[in-house]
Each structure stands twice: as C-alpha cells, then as structure tokens.
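Summary of structural features
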Amino acid sequence: MTGEGAPPTRHVVVMGVSGAGKTTVARGIAARTGLVFAEADEFHTPAHVAQMRAGVPLDDAARLPWLRELAGWMAARAAEGVSTVLACSALRRSYRDTLRQGPPSVEFVHLDGAAGVIRERMARRAGHFMPPSLLESQLATLEQHHPDESVLVLDLSLTPDELVSAAVDRLGLAHGVAASG
C-alpha cells in the first residue's frame, strides 16, 4: 500500500489511432522502466470487439463504461503503489478526461503522424480485430490535445526503440519506478 512519504506513482497512457504503435511503445516503456503494462483493447467486451471486427466503430455510449474501467484499473494500481503504462486510443478530450478520473495524475504520449504510414502498418499486422477500414473513423474522431493537457506528442515514423527512448527520457521515467512498497 502507498504510505506517507512513499514516492507518487506514475501513470502513462500511450495514445493514438489504431495502427500508430501504441502497444509496441507501451510494452517497451514497461520493459525499460518496470511500469505495469495493460492493453486497453483487452478491456473491451466480446460484443464490442465483434462490432469493431465487423467494421462498425463504437459510439461514445459504448466507450464510456470501458474508459471508466480503465480509469479504475489505474486507480487501483495507484492505491497499491504501482505505476502503470496503458496502450489506449484516448482519441477525444472527453475520453482523456475520463481516464484522468482514475489515478491522481495521468500523462499522455500521443503517437502522431501521417495516415499513410498508419495504413501501411495496419495492412501488415495480422490477427488484430480492428480492420483498416476503421482508420478513417478514428482519424475523424481524434481531437488534438488542448494546451492545458499533459500530452507528449511523438512522431510515429520513428522506430519503436526511438519512441520508447523519447518517451522515457522526456517524461523523466527512471528504471524501477513501478512500485514503491
């Protein structure tokens, strides 16, 4: 449990549209720092996965309970004194605000870049439920961050290792920040 004098936990959400490299970068951050990793896609209900697999994007009413569950997962880890890194699209300000309702603070790393690069990546990956046809709806949904939001924007055309290094360095994440007791 987090006690008085324990260092604060850190909670990082690697965000962006499907195919941006969120999972790869978030896993890399976890490996380099010891933050506990979670994949937001694994929190979707089977019905929502089937809907997206069929090429139908989720609406905000479907996303809200999912986002609340993710915020709750981060808050529970914070209460345990454990820092986290989450791969999650977090495309709209309201989605990011819901995630911020979990732990004491959340930092975002936005993997941003050209749609053509993302389309190419999506075409190469196998076994993911999100079809490339939904990329346009994700790009249309994406709201750039506001000045009052803590968002580090990185160019997704960098290699995964470069993205991980940039995120770890620019957020000041040190190895072993995952648990404080």
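Residues numbered from 1 in each chain as written. Predicted model: local features only at pLDDT ≥ 70, side-chain atom pairs only at ≥ 80, totals over all residues. Heavy atoms only, no water.

Brief notes about the pattern of salt bridges
In plain terms, the rule: The rule for a salt bridge is simple: a side-chain nitrogen of Lys or Arg has to be within 4 Å of a carboxyl oxygen of Asp or Glu. Put simply, DSSP marks the helices as runs of H or I at least four residues long and the strands as runs of E at least two long, and each gets a number from the N terminus on. Working definition: with a 1.4 Å probe on protein chains only, accessible area under 20% of the residue-type maximum means buried, over 50% means exposed, and in between means partly exposed.
By the definition in use, this model includes 11 salt bridges. Where Arg-100 meets Glu-149, a salt bridge forms, and the shortest distance between an N and an O atom there is 2.6 Å. In this pair, Arg-100 sits in helix α4 (residues 93-100) while Glu-149 sits in the loop between α6 (135-141) and β5 (151-155), placing the two residues 49 residues apart along the sequence. A residue is classified by how much of its surface remains accessible, and Arg-100, at 25% relative accessible area, is partly exposed. Ionic contacts of the salt-bridge type, sharing partners, join the residues Arg-93, Arg-96, Asp-97, Arg-100, Asp-148 and Glu-149 into one network.

Here's the deal with the packing of helix α1 (residues 22-33) against helix α7 (residues 160-171)
Note the threshold: Orientation is described by axes fitted as lines to C-alpha atoms, over the contacting stretch for helices, and by angles from 0 to 180 degrees between their N-to-C directions. Any angle from 65 to 115 degrees is called roughly perpendicular, while one under 35 is roughly parallel, one over 145 is roughly antiparallel, and all others are oblique. Each crossing is labelled by how the near helix is turned from the far one, with a counterclockwise turn of less than a right angle marking it left-handed and a clockwise turn marking it right-handed. By definition, residues are in contact when any of their heavy atoms lie within 4.5 Å.
Taken N-terminus to C-terminus, the directions of α1 and α7 make an angle of 55°; their axes are 9 Å apart at the nearest point. In terms of orientation, α1 lies oblique with respect to α7. Considering only the axes of α1 and α7, their crossing is right-handed. The residues of α7 that touch α1, namely those facing Thr-24, Val-25, Gly-28, Ile-29, Arg-32 and Thr-33, are Pro-160, Asp-161, Leu-163, Val-164, Ser-165, Ala-167 and Val-168.

A look at the sheet that holds strand β1 (residues 11-15)
The condition is simple: Pairing between strands is defined by DSSP: at least two bridges between the two strands are required.
The strand order β2-β3-β1-β4-β5 describes an open sheet built from five strands, whose pairing is parallel. Only two strands of the sheet have a single partner each, and these edge strands are β2 (36-39) and β5. Going from strand to strand, the sheet's axes swing by 20° on average, the running direction of each strand aside. Against the sheet, helix α3 (residues 60-79) touches β1, β2 and β3 (84-87), its axis set at about 165° to β3.

Thoughts on the packing of aromatic side chains
Heads up, the rule is: Ring pairs are drawn from Phe, Tyr and Trp, using the six-membered ring of Trp, whenever the two centres fall within 6.5 Å, and their geometry is named by plane angle: stacked under 30 degrees, edge-to-face over 60, tilted for the rest.
Tallied over the entire structure, the rule returns one aromatic pair. Ring centres of Phe-43 and Trp-73 lie 6.3 Å apart, and the angle between their planes is 70°; on these two criteria the pair is classed as edge-to-face. With Phe-43 in the loop between β2 and α2 (46-53) and Trp-73 in helix α3, this pair connects stretches of sequence that are 30 residues apart. Looking at Phe-43, the relative accessible area reads 18%, which means it is buried.

Keep in mind that these numbers describe shape and distance, not what the molecule does.
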